[in-house]
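The residues making up each chain are set out below.
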Amino acid sequence: MARVRYARQALRGLAGVRRFISIDSPRNADAVVRALVDAADSLAAFPLRGRVVPEYGQEEVRELLLHPYRMIYRVSVDEVVVLSVMHGHQLLPGDLERED
């Protein structure tokens, strides 16, 4: 079983999702963020469940599509790093490869 950790950019993405949805419904914001975190947690047991990110075409850089969000992550032998959580219509940031 792989360990799951979050890059700073992913944590900022989750916080942004919560802030945006909270404007209309704090309750829904909590539910959406919980669903995103649960999906990330599932990667510990099933790290290859997401598809390869088309923009990168690298087997180890994958994504889960959780409409309308994309969760981009990198898989290694013993770890999954969630790199970014973003709205599906956003362009991938140029610094996605950074994990700090």
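Residues numbered from 1 in each chain as written. Predicted model: local features only at pLDDT ≥ 70, side-chain atom pairs only at ≥ 80, totals over all residues. Heavy atoms only, no water.

Enquirer: Sorry if this is basic, but what is going on with helix α2 (residues 26-42) here?
Expert: One full turn of an α-helix is made of 3.6 residues, so residues set three or four places apart face in the same direction. Taking 1.5 Å per residue, 17 residues should reach 24 Å; α2 reaches 24 Å between its end C-alpha atoms and fits that length. Those residues of α2 that fall on the buried side of the exposure criterion are Ala-29, Val-33, Leu-36, Val-37, Ala-39 and Ala-40. Angular distribution of buried residues about the axis of α2 spans 155°; they occupy a single face of the element. Residues of α2 that are buried make contact with β1 (3-6), α1 (8-22), β3 (61-66), β4 (69-75) and β5 (79-87). (Helix = DSSP H or I, 4+ residues; strand = E, 2+ residues; numbered from the N terminus. Expected span 1.5 Å × (residues − 1). Buried < 20%, exposed > 50% of the residue type's maximum accessible area, 1.4 Å probe, protein only. Arc of directions from axis to C-beta. Contact = heavy atoms within 4.5 Å.)

Enquirer: Would you explain the packing of α1 against α2 in this entry?
Expert: Two numbers describe a pair of packed helices, the interaxial angle and the distance between the axes. It is the contact of α1 with α2, at a shortest axis distance of 7 Å, that shows an interaxial angle of 155°. If you check the angle between α1 and α2, you find them roughly antiparallel. Pair α1 / α2 crosses with right-handed handedness. Along its contact with α1, which presents Leu-14, Val-17, Arg-18, Ile-21 and Ser-22, the element α2 presents Pro-26, Asn-28, Ala-29, Asp-30, Val-32, Val-33, Leu-36 and Val-37. Considered class by class, the residues forming the contact of α1 with α2 number 9 nonpolar, 2 polar and 2 charged. (Axes fitted to C-alpha atoms, helices over the stretch in contact; angles between N-to-C directions. Parallel < 35°, antiparallel > 145°, perpendicular 65-115°, else oblique. Left-handed = near helix turned anticlockwise from the far one by under 90°. Nonpolar A, V, L, I, M, F, W, Y, C, P; charged D, E, K, R; others polar.)

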